[in-house]
Amino acid sequence: MAPSDSYDPRAVQDKWQARWAEIEPYRAEESADDSRERRYALDMFPYPSGDLHMGHAEAFAIGDVPARYWFQRGYNVLHPIGWDSFGLPAENAAIKRNEHPAKWTYANIETQAASFHRYAPSFDWSRRLHTSDPEYYKWTQWLFLRFYERGLAYRKGGQVNWCPNDQTVLANEQVVGGHCERCGALVERRTLTQWYFRITDYADRLLDDMAQLEGRWPDRVLLMQRNWIGRSTGADVQFVIEGRAEPVTVFTTRPDTLYGATFFVVAADAPLAAEICAPEQRAEFEAYREQVSRESEIDRLSTEREKTGVFLGRYAINPVNGERIPVWASDYVLAEYGHGAIMAVPAHDQRDLDFARRFGLPVRVVVDTGEADPAQTGVATAGDGRLVNSGPLDGLGKADAIARAIEVLESKSLGKASVNYRLRDWLVSRQRFWGCPIPIVHCASCGEVPVPDEDLPVRLPDLRGADLAPKGTSPLAAAGDWVDTACPRCGGPATRDTDTMDTFVDSSWYYFRYCSPDYADGPFDPEQVRTWMPVDQYTGGVEHAILHLLYSRFFTKVLHDMGMVDFTEPFTRLLNQGQVILNGKAMSKSTGNLVDLGDQIAEYGVDVVRLAMLFSGPPEDDIDWADVSPQGMAKFLARVHRIAAETAAPAGADPAAGDVTLRRATHRVIDEATTMVEAQRFNVAIARIMELVSATRKAIDSGPGAADPAVREAAETIAILLSLFAPYTAEEAWEALGRQAPVIRAGWPSADPALLVEDQVTCVVQVAGKVRDRLEVPPGIAADELERLALASDKVRAALGDGGVRKVIVRAPKIVNIVPA
RNA sequence: GCCCCCGUAGUCCAACGGGCAGAGACACUUCGUCGAGAACGAAGAGGCUGCAGGUUCGAAUCCUGCCGGGGGCACCA
């Protein structure tokens, strides 16, 4: 009997898909009188690029488990779905096909929605949203305007990252190793005026609030965010530059080493360098600056290459000792970080030391760490030690010296304690069409004017095909009728801002919208958000560790400050699923290293694919599809189905009258599977169900038989536990057992404690750490009784020989270890 | 270069706060059943827990070092 004879996945899928559409078992209830506990399960919403693939299958199988578990527990569950539907691929496809991006986008959404219906995550479809719908992006614009009012959205000119392939600027977070995070092109620098969100105002809170997430988010995500924000504490110190009226401020984390500063470095591309360069050094400096401006981001990032720089012909005065030190320009100092200038302490900073050795500048040790002289070894000493050659700081340790140095600086108004961040403000404007228009109008007499709320949304004009071709400025600029408008303030002629927002703005608040997707008086109904949020479980890929997740945390804090929400972190728990790979390599269309989800489902069915994804290992691990066995999963599901069909005890039969051995197995599995689901170790939970299936099979074949009430109890337990992982098979089995759909509302079983205690357990008796005997004892046996039994064992006495006993360690009822004299 | 995570059977993976190395799956061997199959049921084999030390009565588990794999950061003063 082949599995297909008894269990046809496709027929079962079609049957239940239709039934579920009728009974809507996954609908969240928003009524305030519903007193059930609430849970919010969220999956990172998909971008509609073609159909769903294996990666989606894994992510949504994993994200579905906690949602389904909560349904079984009887909670009121919000498990929504939507699409992150603005973005470049749609625009590129539209150019190629001479269409509107919406056409490609919404066609793909329909394809994915149909695939999702078949894949059957427990979504509440009534809350579906798309970020490219005007009903949605109206509120993205509304939020932009609130940010603008609060000074959190602003425009400034400066050096920005430019992707030559996508023809748009990028945020720092979207440049990875000097390449565009999206398309991989080498990123260039341009000087442009752009819109920013002032995320740096929230740097401290983004860091400090991570305490709330500790242990609930993966460590590596927290670490990456910490690194990205990059807080460092130290001091601002003012140096006078000879011949310049205003002193120049530098930031240092080591004010204790001020007496060791032997030169001063200004970022070569900072205006200050050009300003203070002495005439006789001008030519050399200009040549150097030209060279620096030509180097790519990749060159600049390389730590291997030798330091470069030029002397600017000027001197700075060390504020603590009045020493004259030469001022250099170099590209190892960044114009955008700190103040674009540093004091260089080569003895205690490796970068400064490399520079000093390259250009023959002096090295002066001011912290005696007990290590060899950096000037000789070329290795800067950054550790703790006693201060030397440092006037009033002499003799202090590093930490004390830092504190003392800051005190001295502050008392003389030469500096102050200071904090710097690696994090930069979030550049949000994009020179592309298929995004949310920035709701600002530029008026010759009034300047920047926000579009009034009642005029939102500012809809995209109807552009398509060639009009969208990138030309380095936003395609929106070409829509003359759209661009020309009246100033909302003075009524005079004005133009619309032609940039659109980074799509990460759209996705920074979608999980709020799900709470009240049709709400018309704001981005969300505060009442609904209060009852549903924060999100209890968020599932998605780790690639968003410092993009979407950082931005979303920022948005939530701003909404909190606006009084719109009463919490400060949006996602209580985060799970990053691994990737699906093949033969150790990422799947890729171009190399043909691909497994098609549709093919897999056609061959084995949805449940097999889901189960294979979940059973292959812990959810965080990558899944190599070459290692999984869909056939094995199919075999298991067929076993489940057969057990349900064979179960002969009537529904409602009292399990207490059933076979106690099988009942023990059932309740042990309930207990352990529950623990494993809560610990997010779904592979182990499934293994437990497999054990129960085997035990039930055995009971039917060679035990009390299919008519025993314990078999029914086991079979029903299997169906319910399995409903978290293989919804179709579980529902079909539930029906075969004479129960009424949906199985997802059957209720999670609880283990009977009386059935969890064994009446006999095996106690291992060791002599000198080696197992010598096993005793069958009652679990509640007393330690001294067990010790007596163990010492009385013939095998133990044989092992001990003539020697005496030095010590006996008893851990009742599991083990006795006897240490011979 | 610095930091984090991970090395268990041929393979994917279990093993709770140190206590019998094995739950489950794939592959393998054997047996039974039958409608004779790539079906169903059962049994079995398989290990220096990456290596070397240490702590302990007892270590896959804790500590140190090394080797191997994965990830993050990498001129951020």
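Since the structure is predicted, the reported quantities are computational estimates derived from the model, not experimental observations. (Residues numbered from 1 in each chain as written. Chains lettered and ligands numbered in written order. Predicted model: local features only at pLDDT ≥ 70, side-chain atom pairs only at ≥ 80, totals over all residues. Heavy atoms only, no water.)

1. Points about the overall build of chain A
Argument step 1. Of regular secondary structure, chain A possesses 29 helices and 34 strands.
Argument step 2. Taken along its principal axes, the extent of the C-alpha atoms in chain A is 100 × 90 × 55 Å.
Argument step 3. Relative to its 821 residues, chain A shows a buried fraction of 54%.
Argument step 4. The contacts in chain A between residues at least 6 apart in sequence include a share of 72% that link residues at least 24 apart.
Argument step 5. As displayed, chain A has an accessible area near 34200 Å², and 49% of this comes from carbon and sulfur atoms.
Argument step 6. Charged side chains of chain A number 88 positive and 116 negative; the gap between the two group centres comes to 2 Å. (Helix = DSSP H or I, 4+ residues; strand = E, 2+ residues; numbered from the N terminus. Buried < 20%, exposed > 50% of the residue type's maximum accessible area, 1.4 Å probe, protein only. Contact = heavy atoms within 4.5 Å. Areas by Shrake-Rupley, 256 points an atom, 1.4 Å probe, with all protein chains shown as cover. Lys, Arg positive; Asp, Glu negative; His and termini not counted. Charge placed at Lys NZ, Arg CZ, Asp CG, Glu CD.)

2. Observations concerning the protein's contact with RNA strand B
Argument step 1. Close to RNA strand B lie 50 residues; Arg351, Arg422, Arg681, Arg774 and Asn817 are nearest.
Argument step 2. In RNA strand B, the atoms that sit within 4 Å of the protein are 63% sugar and phosphate, with bases accounting for the remainder.
Argument step 3. Within the side chain of tyrosine 337, one N or O atom sits 2.3 Å away from a phosphate oxygen of RNA strand B.
Argument step 4. When contributions to the surface near RNA strand B are tallied by element, the ones reaching two or more residues are helix 8 (219–229), strand 11 (248–252), helix 11 (297–301), helix 22 (630–646), helix 24 (682–702), strand 31 (761–767), strand 33 (805–811) and strand 34 (815–820).
Argument step 5. It is helix 24 that contributes the most residues to the surface near RNA strand B, 7 residues altogether.
Argument step 6. Here the surface near RNA strand B is composed, by residue class, of 18 nonpolar, 12 polar and 20 charged. (Near = heavy atom within 4 Å. Polar contact = N/O pair within 3.5 Å; in protein donor to acceptor, adjacent residues only side chain to side chain. Nonpolar A, V, L, I, M, F, W, Y, C, P; charged D, E, K, R; others polar.)

3. Section: the environment of histidine 53
Argument step 1. With respect to the helices, strands and loops of the structure, histidine 53 is situated in the loop between strand 1 (38–43) and helix 3 (54–72).
Argument step 2. By relative accessible area, which is 42% here, histidine 53 ends up partly exposed.
Argument step 3. For the pair formed by histidine 53 and proline 450, sequence separation is 397 residues and the distance between their alpha carbons is 41 Å.
Argument step 4. Within polar-contact distance, the side chain of histidine 53 engages the backbone nitrogen of glycine 55 at 3.0 Å.

4. Regarding the state of the cysteines
Argument step 1. If you walk through the whole model with that rule in mind, you get 0 disulfides.
Argument step 2. Looking at cysteine 446, it has no disulfide partner, and the nearest cysteine sulfur is the one in cysteine 490, 3.6 Å off. (Disulfide = S-S within 2.5 Å.)

5. Points about the side chain of glutamine 174
Argument step 1. Turning to its location among the elements, glutamine 174 is positioned in the loop between strand 6 (168–170) and strand 7 (175–176).
Argument step 2. Residue classification places glutamine 174 among the buried positions, given a relative accessible area of 4%.
Argument step 3. Only 2.8 Å separates the side chain of glutamine 174 from the side chain of aspartate 502, close enough to count as a polar contact.

6. Some points on the pattern of salt bridges
Argument step 1. This structure, assessed with the given rule, holds 50 salt bridges.
Argument step 2. The salt bridge involving glutamate 306 is made with arginine 358; its shortest N-O contact spans 3.4 Å. In this pair, glutamate 306 sits in the loop between helix 11 and strand 13 (310–317) while arginine 358 sits in helix 12 (residues 350–359), placing the two residues 52 residues apart along the sequence.
Argument step 3. Members of the salt-bridge network, linked through shared partners, are Asp209, Arg553, Lys557 and Glu569. (Salt bridge = Lys/Arg side-chain N within 4 Å of Asp/Glu carboxyl O.)

7. Considering the pairing of strand 24 (residues 493–496)
Along a regular strand, successive side chains alternate from one face of the sheet to the other.
Argument step 1. Here strand 21 (residues 440–443) runs beside strand 24; their pairing, made up of 3 bridges, is antiparallel. The residue of strand 24 that forms the bridge with valine 441 is arginine 496.
Argument step 2. Where strand 23 (residues 484–486) lies against strand 24, 3 bridges are found, and the strand directions are antiparallel. Across the sheet, residue threonine 485 finds its bridge partner in strand 24, namely alanine 494.
Argument step 3. Linking strand 23 back to strand 24 in an antiparallel pair, the connection comprises 6 residues, with glycine 491 at a positive phi of about 80 degrees. (Pairing = 2+ DSSP bridges.)

8. Side note on the packing of aromatic side chains
We describe a pair of aromatic rings using the distance from one ring centre to the other and the angle between the two ring planes.
Argument step 1. Taken as a whole and judged by the stated rule, the model has 46 aromatic pairs.
Argument step 2. Here the aromatic rings of tyrosine 154 and tyrosine 196 are separated by 5.7 Å at their centres, their planes lie at 20 degrees, and the arrangement is stacked. Highlighted residues: tyrosine 154 in strand 5 (residues 153–163) and tyrosine 196 in strand 9 (residues 188–197), separated in sequence by 42 residues.
Argument step 3. Note on tyrosine 154: relative accessible area 13%, which makes it buried.
Argument step 4. Pairing phenylalanine 554 with phenylalanine 555 gives two aromatic rings, centres 6.2 Å apart and planes at 85 degrees, and the pair type is edge-to-face. (Phe/Tyr/Trp six-rings, centres within 6.5 Å; stacked < 30°, edge-to-face > 60°.)

9. Notes on helix 4 (residues 88–97)
Argument step 1. When we look at burial in helix 4, the residues that qualify are Leu88, Ala90, Glu91, Ala93 and Ala94.
Argument step 2. At its buried positions, helix 4 is contacted by helix 5 (101–119).

10. With respect to the nonpolar core
Argument step 1. Residues Tyr40, Phe197, Trp426, Tyr510, Phe512, Met533 and Phe554 are the most contacted members of the largest nonpolar core, which totals 98 residues.
Argument step 2. No other element matches helix 6 (residues 134–149), which puts 8 residues into this core.
Argument step 3. Not counting the four nearest positions on each side in its chain, methionine 533 is found in contact with Tyr40, Tyr511, Phe512, Cys515, Phe567 and Pro570.
Argument step 4. Counting 88 residues, the second largest nonpolar core, distinct from the first, contains Ala41, Ala61, Ala644 and Ala685. (Core = buried A, V, L, I, M, F, W, Y, C linked by side-chain atoms within 4.5 Å.)

11. Description of a negative patch on the surface
Argument step 1. Negative charge collects at one region of the surface, where Asp51, Asp596, Asp599 and Glu603 lie side by side.
Argument step 2. Turning to its location among the elements, aspartate 599 is positioned in helix 20 (residues 597–604).
Argument step 3. On the basis of relative accessible area, aspartate 599 is assigned to the partly exposed category, the value being 49%. (Patch = residues over 30% accessible without salt bridge, like charges linked within 9 Å, V, L, I, M, F, W, Y side chains within 5 Å.)

12. What to know about the side chain of serine 418
Argument step 1. Turning to its location among the elements, serine 418 is positioned in strand 18 (residues 415–420).
Argument step 2. Among the polar contacts listed, one links the side chain of serine 418 to the side chain of aspartate 236, at a separation of 3.3 Å.

13. Looking at the sheet that holds strand 29 (residues 585–586)
Argument step 1. Across the sheet, which stays open at both edges, the 3 strands sit in the order 29-28-30 with mixed pairing between neighbours. With partners counted over all chains shown, the strands left at the sheet margins are strand 29 and strand 30 (623–624), one partner each.
Argument step 2. Pairing between strand 28 (residues 580–582) and strand 30: 2 bridges, direction parallel. Of the residues in strand 30, the one forming a bridge with isoleucine 581 is aspartate 624.

14. Focus on the packing of helix 8 against helix 19 (residues 548–561)
Argument step 1. Contact pair helix 8 / helix 19: the axes reach a minimum separation of 11 Å and the direction vectors enclose 75 degrees. Here helix 19 runs roughly perpendicular to helix 8, going by the angle between their axes. Contacts between helix 8 and helix 19 involve Val221, Gln225, Trp228 and Ile229 from the former and Leu549, Leu550 and Arg553 from the latter.
Argument step 2. Split into classes, the residues belonging to the contact of helix 8 with helix 19 amount to 5 nonpolar, 1 polar and 1 charged. (Axes fitted to C-alpha atoms, helices over the stretch in contact; angles between N-to-C directions. Parallel < 35°, antiparallel > 145°, perpendicular 65-115°, else oblique.)

15. Here's the deal with unusual backbone geometry
Argument step 1. In this structure, proline 534 follows methionine 533 across a cis peptide bond, with omega equal to 0 degrees.
Argument step 2. The topology assignment puts proline 534 in the loop between helix 18 (526–532) and strand 26 (537–540).
Argument step 3. For glutamate 24, which is not glycine, the phi dihedral falls at a positive 45 degrees.
Argument step 4. Relative to the elements of secondary structure, glutamate 24 occurs in the loop between helix 2 (9–23) and strand 1.
Argument step 5. Judged by relative accessible area, glutamate 24 falls into the partly exposed class, the value being 41%.

16. A few points about the sheet that holds strand 27 (residues 574–576)
Whether parallel or antiparallel, the strands of a sheet pair through hydrogen bonds between backbone atoms.
Argument step 1. Read across the open sheet, the 4 strands follow the order 2-1-26-27; overall the sheet is parallel. Strand pairing shows two members of the sheet lacking a second neighbour, strand 2 (76–78) and strand 27, which therefore form its edges. When strand polarity is set aside, the average angle formed by the axes of neighbouring strands in this sheet is 20 degrees.
Argument step 2. Sheet topology places strand 1 next to strand 2; 3 bridges connect them, and they run parallel. Paired with arginine 38 across the strands is asparagine 76, a residue of strand 2.
Argument step 3. Taken strand by strand, helix 3 contacts strand 1, strand 2, strand 26 and strand 27, and its axis lies near 175 degrees from that of strand 1.

17. Brief notes about the confidence of the model for chain A
Argument step 1. When pLDDT is averaged across chain A, the result is 92; 98% of the residues are at 70 or more.
Argument step 2. Contacts for the low-pLDDT stretch residues 1–5, under 50 throughout, to residues beyond four places or in other chains number 2 contacts.
Argument step 3. Model confidence for the complex is summarised by a pTM of 0.94, with the ipTM given as 0.95. (pLDDT = per-residue confidence, 0-100.)

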